[in-house]
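# Residue-level structural notes
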Amino acid sequence: MIPFLDRPLVQFGLALATVLILPLAMRSGTLASEILIFGLAVAACNLLLGYTGLLSFGQGIFFGLGSYVAGLGLMRAGLPAPVMLLLSLALGALVAAAVGWVSIRRQGVYFVMLTLAFSQMFYFLAYTFSGVTGGDNGLLDIPRPRLGGTVLSDAWTYYAYVAVLFLVLFATLQRVALSTFGRTLLAIRDNEGRAGAIGYPVRAFKVAAFAISGAVTALAGALHAMLIGVAPLSNIDYHTSETLLIMTIIGGSANLFASLLGAGAYLLAADALSAIWPRWLLLLGLLLIVITLFLQRGLWGLIERAVALVTRTPPPAESLPLPLVGRGQGWGWRRQPPPVEGHPATPTANSSPQGGGGQPGARPAPEANR
Amino acid sequence: MRDRRAFLKTSLTAATLAASGVPISGFLRSARAAEGPLVVGAPLPISGAFAANGKYASLGAAFAAKEAGSVLGRTVTIADIDTEGKPAPAARKMQEAMAQGTRLFAGGILSSEALVMGKEAAKSDAVFITTAGADEITGSDCNRGTFRWTVPTFGAIAQTVRPLIAQMPQAKRWYTITPQYVFGEGLLSAAKAVFQEKGIEHVGNSYHSLAEKEFSGYLTNAIAAKPDVLLLLNFGSQSSDALRQAVSFGLKKRMTIVLAWASGLEQFEALGADLCEGVYFGAQYWHGIDSPLNKALVAKVRETAKMTPNYSFAGSYQITKLLLDAATKAGSADGPAVIKALEGLRYAGLTGEEEIRAADHQVIKDYYLLKGKAKSAMKDKDDFAEVIQSGKSFLSPEAAGCKMA
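Worth saying up front: this structure is predicted, and the values here are computed from it rather than measured. (Residues numbered from 1 in each chain as written. Chains lettered and ligands numbered in written order. Predicted model: local features only at pLDDT ≥ 70, side-chain atom pairs only at ≥ 80, totals over all residues.)

Moving on, we get to the overall build of chain B. The secondary structure content of chain B amounts to 17 helices and 16 strands. For 405 residues, the compact-globule estimate of 2.2 N^0.38 gives 22 Å, and the C-alpha radius of gyration of chain B, at 23 Å, lies within 12% of that figure. Judged by the C-alpha coordinates and their principal axes, chain B covers about 85 × 45 × 35 Å. Classification of the 405 residues of chain B by burial places 51% in the buried group. For chain B, restricting intrachain contacts to residue pairs at least 6 apart in sequence, the fraction spanning at least 24 positions comes to 69%. (Helix = DSSP H or I, 4+ residues; strand = E, 2+ residues; numbered from the N terminus. Rg over C-alpha atoms; globule rule 2.2 N^0.38 Å. Buried ≥ 20, exposed ≤ 12 C-beta atoms within 10 Å, placed from the backbone. Contact = placed C-beta atoms within 7 Å.)

Quick look at the structure:
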């Protein structure tokens, strides 16, 4: 919408700036770490929702799985943290691929129901096999990682550890989103039939998107378990999936930095509001209604508007989707200028995202602009 | 340079005071006053599904703080910490509070959050005292920093099932409805052990999930098994829903209903006297307990807050008071000193004479068997039940599985 803001280096710069500013602006290293961890999980969720048009209620499965891998790997198997993190990536990808492989066989409401069903199934698996997962009590006493023989018990030291991983994975996800693979996901999101008709193996792409998203979410789950020292049952609950989706929508699904914004806004608001008013979730409901009705590009849309105001560029339209224009592979995406008034912006057939659509700012097929 | 001067000045003053006979303790007390208020963290589910319990518990902690006024020359302040009823925010917020210097914590209503917070407290030489129910808190997951006021599942069953078996020798067939998680399993295994010992026929059990709200299927199974007693082993709104549905199915006329772990006055208020009449309830606390501290508390709360203390309020009051009393006894608000003062402490508690067992940090206190009164027999709006029996039943620390690190 604002071409400058959407440049990948700017996006990464914003993520880097956030990572550097958080220690200066916040008192709690634990909360700051949690923001980055959820930022990662939300970015992974955004890869499915924003880039592939898949509204999945299964993200909590992978987050919980990562937490359990951390608990079992570090405490029972005695694995070093880096090995455990790699294992969580691999297992997250594997399970997500399996869940995705089954779920994408149906579209729309049925796809959502399948992911919801998987979510419940994994929750009850974790609940039933309490000998492995600790059941309702969770896995306790998960240690923090060691670096050079020192345990990262200090909140800000652990934050630094999380920050490095966050930046690496953020850049990786950006790379994925901007690659030919990522562009194809956008094509699938905008017009699945057309993407299939021109020869893309749509299912394989969707399963791959699930696997990447699941891997990153599982790693975030593992980092979270090491942060709080426990792998609770609630991490694999469908409420976690719901929270990740809400964070994605609050931030906006336009780009990956918006995901960090969504995670940060949600966690900071929850932290501040819960101390003031027990029914703060009501406010969250109101915020969601406002965003859905008036701010479909989420908080990121607000930033775009503010920048547009300062730079005196035309304000971004909330409900008018704009097409993406590929400038080749890699880091060079930009957006097309708004369409001429009265001219149909996009063929309506383009918007058929799975999960009942609802992807704010759904854009027409990029392949139309190739 | 300034620091060295200040140090020399303080040392000189202390030496002068000591030499002139002014008690050093008085001097230290005033030094502590300069440390600011004594903050007691109250990590409670202030928002979320258990917000109602959290609200009363928060009031109870504040009442204890107000009553104490100041401890060690420092004004007592309660810092509410909203756990949202989930272990993850609970652990994070405990870490944050400890980073800000808080070392005394009283709270944790839900078992899963209490277990996590106990671990966090132990890591940082803090003290955490809770009213949560999971046996592991003072069993297999016991630790130096965690104390628990409530009676675990073994005692709850011993003080409800045993007296009822003695009271109703003809009731030989018992049916159980159990939530399938650690707490429910704990109650069920304790009940089965009593059944076996007393020659009771356990004619069936229905497991339900944590999310269950509809119990008619389980109740139909119970009716089919023709038991003399229906023992409900679930908790909170689930036990209320199960009881409500059991009464509407007419089970109260066909069999005796026992709710082993009731959540106290708030549950009676929600259910109403008609529903509770003739039903037996196990309880950690009841406002009608005949003990000096409880009588004083009930009178004071009724006078000042125009309410009768319920279990959430009273439990939180008691554990906050325990921490403050221990800090006074220790002459320090540091974690290790308070832990030492709490271990083995005998005191006049809300349930009468109570003692904190040093080996597993479990408070040894009474558990109560109540019987719902008829509406016409109630002396006031809160007089829902009469205390049938009370007593102390606890596994040894070894049998509970506690290996204190």
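Quick look at the sheet that holds strand β14 (residues 363–364) of chain B now. Neighbouring strands of a sheet are bound in pairs by backbone hydrogen bonds; such pairs are parallel or else antiparallel. Residues and elements named next belong to chain B. Taken together, the 3 strands give an open sheet; going across it, the order is β12-β13-β14, and neighbouring strands pair in antiparallel fashion. Sheet topology places β12 (346–349) and β14 at the edges, where each strand pairs with a single neighbour. Taken together, the 2 bridges between strand β13 (residues 352–356) and β14 define a ladder with antiparallel strand orientation. When the sheet's bridge partners are listed, Ile356 is paired in β14 with Val363. (Pairing = 2+ DSSP bridges.)

Let us now look at the confidence of the model for chain A. Looking at chain A, the pLDDT average stands at 83 and 84% of residues meet or exceed 70. Scored below 50 in pLDDT, residues 319–370 of chain A shows 108 contacts in the model against residues more than four places distant or in partner chains. (pLDDT = per-residue confidence, 0-100.)

Attention now goes to the domain arrangement of chain B. Residue and element names in this part refer to chain B. Under the domain assignment used here, chain B contains domain 1 (2–151 + 291–365) and domain 2 (155–288 + 367–394). Contacts between the two partners involve 20 residues from domain 1, matched on the other side by 16 residues from domain 2. Here the side of domain 1 that touches domain 2 takes 4 residues from helix α15 (residues 311–330), the largest share from any one element. Residue composition of the side of domain 1 that touches domain 2, by class: 9 nonpolar, 9 polar and 2 charged. (Domains from an automatic or database assignment. Nonpolar A, V, L, I, M, F, W, Y, C, P; charged D, E, K, R; others polar.)

Residues and elements named next belong to chain B. By secondary structure assignment, the location of Lys172 is in the loop between α7 (161–167) and β7 (173–179). With 16 C-beta atoms counted inside 10 Å, the residue Lys172 sits in the partly exposed group. When the C-alpha atoms of Lys172 and Phe195 are compared, they prove to be 9.2 Å apart, with 23 residues separating the residues in sequence. Excluding its chain neighbours within four sequence positions, the residues that come into contact with Lys172 are Ile200, Glu201 and Asp228.

Residues and elements named next belong to chain B. Here we have 6 strands laid out as an open sheet, ordered β2-β3-β1-β4-β5-β6, and mixed in their pairing. The sheet terminates laterally at β2 (70–71) and β6 (146–148), the two strands that pair on one side only. In this structure, strand β5 (residues 127–130) lies alongside β6, joined through 3 bridges in parallel fashion. Among the inter-strand pairings, Phe128 is bridged to a residue of β6, identified as Thr146. Docked against the sheet, α15 engages β1 (38–44), β2, β3 (74–82), β4 (104–107) and β5, running at close to 160° with respect to β4. (Axes fitted to C-alpha atoms, helices over the stretch in contact; angles between N-to-C directions.)

Here the focus is the nonpolar core. Core analysis: the largest hydrophobic core is formed by 235 residues, its most contacted members being Val40, Leu232 and Leu323 of chain B. The element that contributes the greatest number of residues to this core is helix α11 (residues 202–228) of chain A, accounting for 18 residues. Among the domains, domain 1 (2–151 + 291–365) and domain 2 (155–288 + 367–394) of chain B are the pair contributing at least three residues each to this core. If sequence neighbours within four positions are ignored, Leu323 of chain B has contacts with Val40, Leu104, Ala106, Val127, Ile129 and Val338 of chain B. (Core = buried A, V, L, I, M, F, W, Y, C linked by C-beta atoms within 7 Å.)

By a widely used convention, the size of an interface equals the accessible area lost when the partners come together. Each partner contributes residues to the interface: chain B has 25 residues there, and chain A has 24 residues. Listing elements by their share of the side of chain B that touches chain A, those giving two or more residues are α3 (51–68), α4 (87–99) and α5 (111–123) of chain B.

This part is about the packing of helix α12 (residues 238–251) of chain A against helix α14 (residues 280–294) of chain A. Residues and elements named next belong to chain A. For the pair α12 and α14, the least separation of the axes is 10 Å and the interaxial angle reads 50°. By the angle class used here, α12 and α14 are oblique. For the pair α12 and α14, the crossing hand works out as left-handed. In this structure, α12 contributes Ile246, Ile249 and Ile250 to the contact, and α14 contributes Leu287, Leu288 and Ile291. (Parallel < 35°, antiparallel > 145°, perpendicular 65-115°, else oblique. Left-handed = near helix turned anticlockwise from the far one by under 90°.)

Residues and elements named next belong to chain A. The N-to-C vectors of helix α9 (residues 180–190) and α11 enclose an angle of 115°; their axes lie 10 Å apart at closest approach. Here α11 runs roughly perpendicular to α9, going by the angle between their axes. The two elements α9 and α11 meet at a crossing, and its hand is left-handed. Across the interface between the two elements, Thr184, Leu185 and Ile188 of α9 pack against Val202, Phe205, Lys206 and Ala209 of α11. Residue composition of the contact of α9 with α11, grouped by class: 5 nonpolar, 1 polar and 1 charged.

Another aspect to go through is the pairing of strand β9 (residues 229–232) of chain B. Residues and elements named next belong to chain B. The alternating pattern of β9 places Val229 and Leu231 on one face and Leu230 and Leu232 on the opposite face, and all of these are buried. In terms of strand pairing, β7 meets β9 through 4 bridges, oriented parallel. Paired with Ile177 across the two strands is Leu232, which belongs to β9. Bridge count for β9 against strand β10 (residues 256–259) is 4 bridges, and the pairing is parallel. From the neighbouring strand, Val229 faces β10, where its bridge partner is Thr256.

With that settled, the discussion passes to the environment of Leu395 of chain B. Residues and elements named next belong to chain B. With respect to the helices and strands, Leu395 occurs in the loop between β16 (385–391) and α17 (397–400). For Leu395, a count of 20 C-beta atoms within 10 Å gives the class buried. Sequence separation between Leu395 and Gly155 is 240 residues; the distance between their C-alpha atoms is 7.8 Å. Sequence-distant contacts of Leu395, that is, excluding residues within four places in its chain, are made with Phe154 and Ala400.

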